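# Survey of secondary and tertiary structure
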There are 2 protein chains.
Amino acid sequence: MTYPNWLSQRAYLTGNQLALSFGEDEWTFGEVNKIALDYAGKLAHFGITEHSRVALLAKSNAEAVFVMYGCLHIGCEMVMLNERLAGAELAYQIEDAKVDQVFVDGELYEKVAASQPVSFEQLRQAPSVDFALKAEWAKDRTVSIMYTSGTTGNPKGVRQTAENHFSSAVSSALNLGVSPDDVWLCMVPLFHISGFSILMRSLVYGMGVRLYEKFDATVCADELCKGQVTHSSMVAVTLDQVLREIEQRELSVSARFKQILAGGGPVPVSYLQRAEAHGIQVLQTYGMTETSSQTTTLQPADAKTKIGSAGKPLFLYQVKIDGAKTGEAGEILIKGPQVTPGYIGKFKDRAVQEDGWLSTGDIGYLDDDGFLYVVDRRSDLLVSGGENVYPAEIEKVLMAHPSVREAGVCAMVDSTWGEVPAAFVVLDEPEVLDELAEFCRGQLAGYKVPKLFRMVDALPRNASNKLLRRELKTWL
Amino acid sequence: MTYPNWLSQRAYLTGNQLALSFGEDEWTFGEVNKIALDYAGKLAHFGITEHSRVALLAKSNAEAVFVMYGCLHIGCEMVMLNERLAGAELAYQIEDAKVDQVFVDGELYEKVAASQPVSFEQLRQAPSVDFALKAEWAKDRTVSIMYTSGTTGNPKGVRQTAENHFSSAVSSALNLGVSPDDVWLCMVPLFHISGFSILMRSLVYGMGVRLYEKFDATVCADELCKGQVTHSSMVAVTLDQVLREIEQRELSVSARFKQILAGGGPVPVSYLQRAEAHGIQVLQTYGMTETSSQTTTLQPADAKTKIGSAGKPLFLYQVKIDGAKTGEAGEILIKGPQVTPGYIGKFKDRAVQEDGWLSTGDIGYLDDDGFLYVVDRRSDLLVSGGENVYPAEIEKVLMAHPSVREAGVCAMVDSTWGEVPAAFVVLDEPEVLDELAEFCRGQLAGYKVPKLFRMVDALPRNASNKLLRRELKTWL
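What counts, and at which threshold
Residues numbered from 1 in each chain as written. Chains lettered and ligands numbered in written order. Predicted model: local features only at pLDDT ≥ 70, side-chain atom pairs only at ≥ 80, totals over all residues. Heavy atoms only, no water. Domains from an automatic or database assignment. Contact = heavy atoms within 4.5 Å. Buried area = accessible area lost by both parts, 1.4 Å probe. Salt bridge = Lys/Arg side-chain N within 4 Å of Asp/Glu carboxyl O. Polar contact = N/O pair within 3.5 Å; in protein donor to acceptor, adjacent residues only side chain to side chain. Helix = DSSP H or I, 4+ residues; strand = E, 2+ residues; numbered from the N terminus. Least-squares fit on C-alpha atoms with pLDDT ≥ 70 in both. Buried < 20%, exposed > 50% of the residue type's maximum accessible area, 1.4 Å probe, protein only. Phe/Tyr/Trp six-rings, centres within 6.5 Å; stacked < 30°, edge-to-face > 60°. Patch = residues over 30% accessible without salt bridge, like charges linked within 9 Å, V, L, I, M, F, W, Y side chains within 5 Å. Areas by Shrake-Rupley, 256 points an atom, 1.4 Å probe, with all protein chains shown as cover. Lys, Arg positive; Asp, Glu negative; His and termini not counted. Charge placed at Lys NZ, Arg CZ, Asp CG, Glu CD. Expected span 1.5 Å × (residues − 1). Pairing = 2+ DSSP bridges. Axes fitted to C-alpha atoms, helices over the stretch in contact; angles between N-to-C directions.

### Here we look at the domain arrangement of chain A
Residue and element names in this part refer to chain A. Each domain of chain A was delimited in the assignment, giving domain 1 (2-138), domain 2 (176-376) and domain 3 (382-475). Placing the centre of domain 1 and that of domain 2 at their C-alpha centroids yields a distance of 26 Å. Contacts between the two partners involve 30 residues from domain 1, matched on the other side by 26 residues from domain 2. For the pair domain 1 and domain 2, the two sides together bury roughly 2,400 Å², of which 60% comes from carbon and sulfur. Linking domain 1 with domain 2 are zero salt bridges. Taken together, domain 1 and domain 2 are joined by 13 residue pairs in polar contact (both at pLDDT 80 or more). Put simply, the parts of the chain that give the side of domain 1 that touches domain 2 at least two residues each are α1 (6-14), β2 (18-22), α3 (62-74), β5 (77-81) and α4 (87-97).

The following block contains the structure:
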């Protein structure tokens, strides 16, 4: 089973429609396709074929999109590297994925210099040679790979297939509605599923993307008022900042703007009310890298009676609570064509599905009407400004310090970022406490470095000596 | 690969949304689902299981929908019988499909009495017993079977799978757009793909259907003005009649009404202009039973520069012209997940695809911009008021008359129906000419009975003695 090449098809069917806008520049699908064909030829010059796996390290800008679309034309797999990661973290992913070539946005070159990357500048200047255009895409073709950590602290590379992305885009359309002149404002990173799924929707719907390198509340508020964009993706903290801009500057949101999709945990009701006062619909959603973005979404009409709910599954998906009755909490299980077929690298043999069901590790329940409530994101995960942070990964780094005997990390509430990591350590030499932040900084992305370090005599553990991170939280 | 049961999923996700409206009655998805569960239990009372194949002969009314939805819950295959067919034609299909049970709308009982059918009244009064709800649907499950004739004059039962219907609905949504409050006015028969695909879209989108037993220009025009419906399906002749109503009564079409999907051949530009004057978008489409409705669709923006074109493929589909270059005419080939996997019964071993490509038998070309033009529906097909009519089938009936030596049927232009069949016959006894209409009436649906019979000395044939129906047309 195949799809016609999405980008070729878009250039053919809606070649004159807006595909991408970045800064002052705009490209139609016809134009983006031409550029992508050129980039595909340049990638081929560096030996990339449909059998290759490449890694991309880039800011979320137009050139990154061209390189990604070039990869789509060639048919290679893309490992999406997070530009905020430290060198050691990137090296781990590049090594685990056994990529054939790393391509890197010039200013990030130093982070991956050891992997002998090709810079975007070298790519741009390379000749575009003949290549085999991937005219049809197998449904099970791996399009993107994104690393996510978890209980072990070892990041795992999650495969996202063409069918994963397609069914995600289609299910979202059936839920939110879709119109040929929609334009999605993208201020979330393209190397995350939140951002990459916007590109995938763009190709499947023929929808324009207004892209920014990073989130900026002032610019975002202006975009909502200008009348060019219809949708955007945010998390609660960024939504709050945008609403403040609108409120303080007494801005008027364009009638053309339709919806904000809000991930990364529940949005406070007060934010929803403020959004509504400005005519903004906010749809809260629950999803993860392993489900290629949204799995459940809460309709605005239900947001006030189902406070804190993550909504109901999208049309093609199923959600159930492991072994629990209605109203009882348990592990959230997910089934559908958006669920990854598995990992690559070190974890490639680990099963991610049982009878088609993905165990999320998150705890939740379904109410009488079938609305999902996520009671507790798994205790091994905290979300800081939209970025997933895995305590185990930070603990592993801390434990590598010669004076740290034990380390436990948990989420601490933060007014700007929602959550930030906090570390509890048992030390052989108390005086190293002040060095730990600097020690982490060399090996972890900045947002993963604990904002609080506290020395303790012992960590809370259960009978089998497992660290109880939930109890740590109560110590804060 | 499976789908969650579409009807259960709709009741769960959008149970309070309008699903169906017929006459003065309305049902939400929750209500329709309950009724369908009850009907499923009644069908089970008559021994119907997921392994059964049933035939349905019904008017296009609410009860027919309930029975169909009951069948969806059970998971059986439905042979959709055309209520306009003559008894002999129905008997052929029932026999060829080897159905386990025929269910029939009471007033049509006599047409299929010999097959020992269960009437809808009997079904209604039967107890609803326990049955195994089909909670997940295999993608390759045959949902519906529709008979279509062709070159041989023997109707063939076309399988339409869950994936065929799903990809058709989704591809249409990506082309037309979709909104959670859309309502489709259905005045085309449910036993045709044009009508049944509206029900399938209803379930996939969560869209309401305003159903009528048959087309009525006055009522249709009123519906377009009332503001309750957003879409409708028509053919050129019915569009013309609706426009006349609107023009003569100086009606004002509701701003809520969005689009008319027009099948069954090109719509004259003058109709498009008249529609536009009333704010109606008309999208011309090309499709067939074997492709579960639309394959290409012409956007209104292109309708005036690409006069006579059937448009471009929907997103998931591919169209090419067999062995021809751009601009050259040849047989139209179609590929995509909407293409039937094959036939049932007598023709079950006949391949319908070669490397995934369906040979349509229709002749067309693609212009420089990739727009499809259907030059000639295959000469063995004419379309009369939206119904497909196969000359070979009529010729076969005529040849069975003892005094008819040869018979040739072709399309004759008709101001009301677009086309009607005309018959040329070589007779042993000239005086039987006047009996032929009556003779046909006993064995063919009314719309298939030739409106003109003309006696000739010989029929036009080529060197291998094949009837030249295109030449017959020039004799008219």
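### Comments concerning the relation of the copies chain B and chain A
The two copies are related by a screw motion: chain B maps onto chain A through a turn of 180° and a shift of 0.0 Å along the axis, at an RMSD of 0.1 Å. As the rotation angle and translation indicate, the two copies are arranged about a two-fold axis. Closest approach to the rotation axis within chain B is made by the C-alpha atom of Val178 of chain B, at a distance of 2.7 Å. Of the residues that chain B buries at the interface, 100% are likewise interface residues in chain A, meaning the two copies contact each other through the same surface.

### Quick look at the pattern of salt bridges
All names here are of chain A. Here the structure, examined in full by the defined rule, presents 52 salt bridges over all chains. The residue Glu83 makes a salt bridge to Lys59 at a minimum N-O spacing of 3.2 Å. In this pair, Glu83 is assigned in the loop between β5 and α4 and Lys59 in the loop between β4 (53-57) and α3, connecting sequence segments 24 residues apart. Look at Glu83 and you get buried, because its relative accessible area is 15%. The salt bridge partner of Arg441 is Glu438, with a shortest N-O separation of 2.9 Å. Of this pair, Arg441 and Glu438 are both found in helix α13 (residues 436-441), three residues apart, which corresponds to roughly one turn of the helix. One salt-bridge network, held together by shared partners, links Asp240, Arg244, Glu247 and Arg274.

### Considering the packing of aromatic side chains
Residues and elements named next belong to chain B. Considering all chains together, one arrives at 18 aromatic pairs over all chains under this definition. Look at Trp6 and Trp137: their rings are 5.0 Å apart centre to centre, the planes differ by 45°, and that puts the pair in the tilted class. A residue pair is termed long-range when its members are at least 10 positions apart, and Trp6 in helix α1 (residues 6-14) and Trp137 in strand β8 (residues 136-138) qualify at 131 residues. For the pair Trp6 and Trp137, a shared accessibility class is recorded, and that class is buried. Aromatic pair Tyr39 and Phe66: ring centres 6.1 Å apart, planes at 40°, arrangement tilted. Here Phe66 lies in helix α3 (residues 62-74) and Tyr39 lies in helix α2 (residues 29-45), a separation of 27 residues in the sequence. Assessed through its relative accessible area of 7%, Tyr39 is described here as buried. Residue Phe66 is classed as buried on the basis of its relative accessible area of 7%.

### Quick word on a negative patch on the surface
Together, Glu429, Glu431, Asp434 and Glu435 of chain A line one region of the surface with negative charge. Note on placement: Glu429 of chain A falls in the loop between β27 (418-427) and α13.

### Overview of the environment of Ala407 of chain B
As for its position among the elements, Ala407 of chain B is in strand β26 (residues 404-414). Those residues in contact with Ala407 of chain B, other than ones at most four positions away along the chain, are Glu395, Leu398, Met399, Phe424, Val425, Leu459 and Leu467 of chain B.

### A few points about the interface of chain B and chain A
Between chain B and chain A, the contact holds 35 residues from the first and 35 residues from the second. Regarding the contact of chain B and chain A, the summed buried area is about 2,800 Å², with carbon and sulfur atoms giving 60% of it. Taken as a group, Tyr12, Leu174 and Phe315 of chain B account for 26% of the area that chain B buries against chain A, more than any other trio of residues on that side. Seen at the junction of chain B and chain A, the total is four salt bridges. Note that Lys335 of chain A is salt-bridged to Glu136 of chain B, the shortest N-O span being 3.0 Å. Connecting chain B to chain A are 17 residue pairs in polar contact (both at pLDDT 80 or more). Going through the elements one at a time, β1 (2-4), α1, α6 (162-176), α7 (193-205) and β17 (312-313) of chain B are the ones with two or more residues in the side of chain B that touches chain A. Among the elements that take part in the side of chain B that touches chain A, α6 of chain B stands out by supplying seven residues, more than any other.

### Quick notes on α7 of chain B
Residues and elements named next belong to chain B. Taking 1.5 Å as the rise per residue, α7 with 13 residues should run 18 Å; its terminal C-alpha atoms sit 17 Å apart, in good agreement. Most of α7 is tucked away, with twelve of its 13 residues classed as buried. Turning to α7, its buried residues number three or more, namely Ile193, Gly195, Phe196, Ser197, Ile198, Leu199, Met200, Arg201, Ser202, Leu203, Val204 and Tyr205. Looking one or two residues past α7, Gly206 carries a phi angle of roughly 75°, positive in sign.

### Section: the sheet that holds strand β6 (residues 101-104) of chain B
Sheets are built from strands paired through backbone hydrogen bonds, the pairs being either parallel or antiparallel. All names here are of chain B. An order of β7-β6-β4-β5-β9-β10-β20 is seen for the seven strands of this open sheet, with the pairing classed as mixed. Two strands bound the open sheet, and with one partner strand each, they are β7 (118-119) and β20 (343-344). By the bridge criterion, two bridges tie β6 to β7 in an arrangement that is parallel. Looking at the pairing, Val104 lines up with Ser119 of β7. Together, β4 (53-57), β5 (77-81), β6, β9 (142-148) and β20 form the strand contacts of helix α4 (residues 87-97), whose direction differs from that of β5 by roughly 165°. In the packing of α6 onto the sheet, the strands contacted are β9 and β10 (156-161), and the crossing angle to β10 comes to about 65°.

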